[in-house]
Amino acid sequence: MNTLATLTWKVGGAQGEGIDSTGDIFATTLNRLGYYLFTYRHFMSLIKGGHTNYKVRVAESPVRYHGDDLDILVAFDQRTIDENAHELTEDSVLIYDSGKLKSLVIPDGIQVKLCPVPVTDMAKELGSPIMKNMVASGVSAAIVGLSADAFDSLIEERFGKKGDSVVESNKAAVRAGFEFTMERYGVLKQLPNPQPADDGGGHLFISGNEAVGLGALAAGCRFLAAYPITPATEIMYTALAHFPRYGGKVLQAEDEIAACIMAIGANYAGVRAMTSTSGPGISLMQEAIGLAGISETPLVIVDVMRGGPGTGLPTKTEQSDLNELVYGSHGEIPRIVLTPSTVEECFYYTAEAFNLAEKYQCPVIVATDLYLGMSKQSVPVGAIDFEKVTIDRGELISDEELLALAPGEYRRYAVTESGISKRSIPGQKNGRFVAMSNEHDEGANEEIEDPETRVQQMAKRMRKLNAFDPSVLSVEYDGPETTKWTLVGFGSTRAQIGEAVKHLQDKGVKVGHLQIKVVKPFPDALVKRYLSGAERILVVENNATGQLAELIRARVGFHDRIQSCLKFSGDPFTVEEILAHCKLEQGVGL
Amino acid sequence: MATMKDFRTKNKPTWCPGCGDFTVLAALQKAVAELGLEPEQVALVSGIGCSGKISQYFNSYGFHSLHGRSLPTATGLKLANQDLTVIAAGGDGDGYGIGMGHFVHTVRRNIDITYIVMDNHIYGLTTGQTSPTSERGFRSKTSPQGAAEEPVKAVETAIVNGASFVAQAFSGDVKQMTRIFKEAISHKGFALVNCFSPCVTFNKVNTYEWFKEQLVNVDELENYQPEDADCALRVLAEANGTVTGILYKQKRPVYHEVMSGASDVAAAKLDLRLPKEEQQALLQSFR
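Going by what an unreviewed UniProt entry lists, chain B is known as 2-oxoglutarate ferredoxin oxidoreductase subunit beta and is assigned to Polycladomyces abyssicola.

Shown next, in the form of structure tokens:
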């Protein structure tokens, strides 16, 4: 299936036995050598036991998807083989811990090259079974044709603090695995060509969640309140790691309601503030979203979607919060919902969210998902550039303007043509107002009984987004004007859709890819324009009810041409699944 | 310098005549004026209910937030700009019902704000239902047989959870209330002032007269030690909670001085741009 020159590698075992660290060491090293990687962590909502795996896809050019198949599987237990057999092909290499897996069972019909290595025993001999991740790294290095010292600098960096003997024993473990493998098996899978960055330091190796945190920092966000929740917690970690150095505050709130309300309070006080969460958290925040809407307080929320409903699938990906983000909260408010589709977009869209929140004085939600949020990947140095982030604080009233007014004359909610009124910041003289969650008049006084004021203020708020220009951020189209198939998606599915589209193009099918990156306000005209030339429209999304397809039908039409390609198992799409859908529906010869 | 009048707005309070909240408002206006604060230096965050309307009548920056959410709003505000004097105000239903979780956690953090609760033992604006501080056996529209629950012991809860300033006041004694407000606002850290503020329309039990009969004033107790939590809890237990005065105070680190990102410069006044070399170093850590 691979259309790129790629190599896929996976390590799996029980949670708590060093799978993540093995994957991380292998991937970080390759990234520094100049390869482009995409990594995907499959894990369960438990601490020890169960099954976890870490997959790395290595390529010569940027890659956004971890791949349908597997070239190399490193199995620490039988379950890893059972659960990942569907990715194995007859060319795959299976490295397994032969000391532990004495009665290995290979599922029927699977032909693989078997490479038994007594990983745990070797680690024990070298002093500690913990070092089996280092042995496995050495084994992997040999199989793909890396040198034995490829991991040295990373080992020095990671273990230097623990002393020379720890560094040396880890290096020895890598070498032991390397030598054992070279002797018995040699290089079985050659890596593609590395493309080192100009300075030789490798590409950036970063997840969507980390990029969100950096984007916020670049935009001048100096306050984050959040409640720990998979898969969004990494955003808080990123903030904790980098905000305090610049005076940015980070607070672990008692719940998501508090986190979101704190962000509103902080935004009101003039700092750029945000919160980050996932499914159950975004549900708790709905009343706060309404509060930000009516009080016209800027607010940035990042929702890293996971499987729902309820507690759902905490450690699996899904794109099922869309309706809630677009329609949620009581009453009606203006809001913006952005759906970045790459790590770079996680950075720039989060940064832009702060501009939009202040420009339109309304909540802005950045929606990603576990797959985009937690997968670390290589991006070229320079692709994430703080200098490219602009800061626009919107309609703030100046001290001079306020002092020119008589006391009490400033009207926070003045009815304007644009729907946006100038905002004062507490501390400014003559700028006093009460941010109101009740309906109010222009001067922020309660006027809930007065229908005229109500209509005026509602209409003012609802026309705020009339100036929102969808042409800048909202869609990206790749393909000819007329197509047999146009594939549509939002968020992380972009990668697999992109590869499916490329595959179809290679087969000579006239195909297009429409990526929707703003779902509220919905870019009706643009979507209509790009879809009008499509014979068939396939909307690909990770949910059970086709929420994006529904939105397109409601906003644009094309009811008879739209079909849904849905997946809600918790796993991201494979390219094959998307292609199979086109094949099935259209009889396209693939 | 601002006077009490400067903290008044043109809005005429819509509270019922005789409502205890009038004196809370007046005492607060007097307290901030006597402390020499200017209206723009103060932010008053209120919740929902009759008490929540106070931000409409108090001339400072304000935020009329949501049911039970005055404390997280005030927390965000204070942490964004520690130079502001931040006051949160609300009712017993607002603060000890829907907002109880936030209350305990704000106490634990020791956010440097003053929290004024207008406690009338009933839900007023929703026309008279049982509140978290209603006595057991209290009859109302939602407890026709008498409330089955024990009342929330708010000040005790604050003390045992590490509050740094806990006081109670009574709307019938505006002088003591003003003095307590001044001390609470001057206190560095979280200051709770639970104000018995009778609802003259719906609560026919806990009236001004009833409170006057019940109340014990710690100012009049010999050897009362506000630094001694056990002493405070004992006096509260003996008087079934109806005690006024400064009940407890202690020195504790203030949250904005010890939290992640603590800085002498208010967050709202920081530079938004990172120096270029910092940007590079930051990105370098992702390789």
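Describing the overall build of chain B
If you tally the helices and strands in chain B, you get 11 helices and 10 strands. For 287 residues, the compact-globule formula gives about 19 Å, and the C-alpha radius of gyration of chain B, at 20 Å, lands near that figure. Along the longest, intermediate and shortest principal axes, the C-alpha atoms of chain B span 70 × 45 × 40 Å. Carbon and sulfur atoms make up 52% of the accessible area of chain B, which totals about 11,400 Å². Side-chain charges of chain B comprise 28 positive and 30 negative groups, with the mean position of each set lying 6 Å from the other.

A closer look at the interface of chain A and chain B
You'll often see interface size given as the accessible area lost when the parts meet. Taken together, the contacts link 75 residues of chain A with 53 residues of chain B. Buried surface at the junction of chain A and chain B, summed over both partners, amounts to about 5,200 Å²; 59% is from carbon and sulfur atoms. Summed over the shared surface of chain A and chain B, the number is 5 salt bridges. A:Glu254 is the partner of B:Arg109 in a salt bridge, and the nearest nitrogen-oxygen pair spans 2.6 Å. Counting every contact that joins chain A to chain B gives 34 residue pairs in polar contact (both at pLDDT 80 or more). In terms of residue count, the dominant contributor to the side of chain A that touches chain B is helix H9 (residues 256–268) of chain A (8 residues). Across the side of chain A that touches chain B, the residue classes break down as 38 nonpolar, 22 polar and 15 charged. Of the pairings in the sheet, the one linking strand S15 (residues 434–436) of chain A to strand S2 (residues 61–64) of chain B comprises 3 bridges and is parallel in character.

As for the sheet that holds strand S18 (residues 511–516) of chain A
All names here are of chain A. Strand order across the open sheet formed by 5 strands is S16-S18-S17-S20-S21, with mixed pairing between neighbours. Strand pairing shows two members of the sheet lacking a second neighbour, strand S16 (475–478) and strand S21 (562–566), which therefore form its edges. The average undirected angle you get between the axes of adjacent strands in this sheet is 20 degrees. Relative to S21, strand S20 (residues 534–541) runs parallel, the two being bridged by 5 bridges. In the sheet register, Val539 faces S21, and the bridge partner there is Ser564. Here helix H18 (residues 494–506) sits on the sheet and contacts S16, strand S17 (483–490), S18 and S20; the angle it forms with S18, its principal contact strand, is near 165 degrees. Contacting S17, S18, S20 and S21, helix H20 (residues 547–555) crosses the sheet at an angle of about 140 degrees to S20.

Here we look at the confidence of the model for chain B
Summing up the model confidence of chain B, the mean pLDDT is 97 and the portion of residues at 70 or higher is 100%. Prediction confidence for the complex, expressed as pTM and ipTM, is 0.97 and 0.98 respectively.

Some details on the environment of A:Pro480
All names here are of chain A. Along the chain, the position of Pro480 falls in the loop between S16 and S17. In this structure the C-alpha to C-alpha distance between Pro480 and Asn193, which are 287 residues apart in sequence, comes to 32 Å. For Pro480, the residues in contact, after removing those within four places along its chain, are Lys510 and Val511.

With respect to the packing of helix H1 (residues 21–34) of chain B against helix H7 (residues 174–186) of chain B
Residues and elements named next belong to chain B. Their axes nearest at 8 Å, the elements H1 and H7 cross at an angle of 50 degrees. By the angle between their axes, H1 is oblique relative to H7. Here H1 runs over H7; the crossing is right-handed. Contact with H1, carried on its side by Thr23, Val24, Ala27, Leu28, Lys30, Ala31, Val32 and Glu34, involves Val174, Met177, Thr178, Phe181, Lys182 and Ile185 of H7 and no other residues of that element. Grouping the constituent residues of the contact of H1 with H7 by class yields 9 nonpolar, 2 polar and 3 charged.

What to know about the sheet that holds strand S7 (residues 165–170) of chain B
If you trace the 9 strands from one edge of the open sheet to the other, you get S15(A)-S2(B)-S1(B)-S3(B)-S4(B)-S8(B)-S7(B)-S10(B)-S9(B), paired in mixed fashion. Edge positions in the sheet fall to S15 of chain A together with strand S9 (216–217) of chain B, since each has one partner strand and no second. Pairing analysis gives 6 bridges linking strand S4 (residues 114–119) of chain B to strand S8 (residues 191–196) of chain B, with the strands arranged parallel. Bridged to B:Thr114 within S8(B) is B:Ala191. Here helix H3 (residues 70–80) of chain B sits on the sheet and contacts strand S1 (42–46), S2, strand S3 (85–91) and S4 of chain B; the angle it forms with S3(B), its principal contact strand, is near 175 degrees.

With respect to the UniProt feature "domain: Thiamine pyrophosphate enzyme TPP-binding" (unreviewed entry) in chain B
The UniProt record marks residues 48–195 of chain B with the feature "domain: Thiamine pyrophosphate enzyme TPP-binding" (unreviewed entry), using the residue numbering of this structure. Helix makes up 35% of residues 48–195 of chain B and strand 22%, whereas the separation of the span's terminal C-alpha atoms amounts to 16 Å.

A closer look at the packing of aromatic side chains
Residues and elements named next belong to chain B. Applying the stated criterion across every chain yields a total of 22 aromatic pairs over all chains. With a centroid separation of 6.1 Å and an interplanar angle of 50 degrees, the aromatic rings of Phe103 and Tyr115 are classed as tilted. You can see Phe103 sitting in helix H5 (residues 100–109) and its partner Tyr115 sitting in strand S4, a full 12 residues away along the chain. On the accessibility criterion, Phe103 (0% relative accessible area) is buried. Exposure remark for Tyr115: the relative accessible area of 1% places this residue in the buried category. Between Phe170 and Tyr208, the ring centres sit 6.1 Å apart and the planes meet at 55 degrees, which makes this aromatic pair tilted. Linking Phe170 in strand S7 with Tyr208 in helix H8 (residues 208–214), this pair joins segments that are 38 residues apart in sequence. For Phe170, a relative accessible area of 4% translates into the label buried.

Quick notes on helix H13 (residues 343–360) of chain A
In this model, H13(A) (18 residues) spans 25 Å end to end at C-alpha, consistent with the 26 Å of a helix rising 1.5 Å per residue. Immediately beyond the C-terminal end of H13(A), within one or two residues, lies A:Gln361, with a positive phi of roughly 50 degrees.

Overview of the side chain of B:Arg109
Mapping B:Arg109 onto the fold places it in helix H5. A polar contact is formed between the side chain of B:Arg109 and the backbone oxygen of A:Gln252, at a distance of 3.4 Å.

Here's the deal with the state of the cysteines
Disulfides are covalent bonds that connect the sulfur atoms of two cysteines. All names here are of chain A. Following the criterion strictly, the structure yields 0 disulfides over all chains and no others. With no disulfide of its own, Cys221 has Cys260 as its nearest cysteine by sulfur position, at a separation of 13 Å. We classify Cys221 as buried; its relative accessible area is 0%. Sulfur of Cys362: no disulfide; nearest cysteine sulfur belongs to Cys260 and is 13 Å away.

Some words on the pairing of strand S5 (residues 88–97) of chain A
Residues and elements named next belong to chain A. The buried fraction of S5 is high, at 7 of 10 residues. Note that strand S4 (residues 70–75) and S5 share 5 bridges and pair parallel. Looking at S5, one finds that Ile72 is bridged to Val93. The parallel pair S4 and S5 is bridged by helix H2 (residues 78–84), and the resulting crossover is right-handed. Of the strand pairs in this sheet, S5 and strand S6 (residues 113–117) are connected by 5 bridges, and their pairing is parallel. Within the sheet, the bridge partner assigned to Tyr96 lies in S6 and is Pro116.

Rules of the game
Residues numbered from 1 in each chain as written. Chains lettered and ligands numbered in written order. Predicted model: local features only at pLDDT ≥ 70, side-chain atom pairs only at ≥ 80, totals over all residues. Heavy atoms only, no water. Helix = DSSP H or I, 4+ residues; strand = E, 2+ residues; numbered from the N terminus. Rg over C-alpha atoms; globule rule 2.2 N^0.38 Å. Areas by Shrake-Rupley, 256 points an atom, 1.4 Å probe, with all protein chains shown as cover. Lys, Arg positive; Asp, Glu negative; His and termini not counted. Charge placed at Lys NZ, Arg CZ, Asp CG, Glu CD. Contact = heavy atoms within 4.5 Å. Buried area = accessible area lost by both parts, 1.4 Å probe. Salt bridge = Lys/Arg side-chain N within 4 Å of Asp/Glu carboxyl O. Polar contact = N/O pair within 3.5 Å; in protein donor to acceptor, adjacent residues only side chain to side chain. Nonpolar A, V, L, I, M, F, W, Y, C, P; charged D, E, K, R; others polar. Pairing = 2+ DSSP bridges. Axes fitted to C-alpha atoms, helices over the stretch in contact; angles between N-to-C directions. pLDDT = per-residue confidence, 0-100. Parallel < 35°, antiparallel > 145°, perpendicular 65-115°, else oblique. Left-handed = near helix turned anticlockwise from the far one by under 90°. UniProt positions renumbered as here; feature names shortened; annotations may be inferred. Phe/Tyr/Trp six-rings, centres within 6.5 Å; stacked < 30°, edge-to-face > 60°. Buried < 20%, exposed > 50% of the residue type's maximum accessible area, 1.4 Å probe, protein only. Expected span 1.5 Å × (residues − 1). Disulfide = S-S within 2.5 Å. Right-handed = clockwise from strand over helix to strand, strands pointing away.

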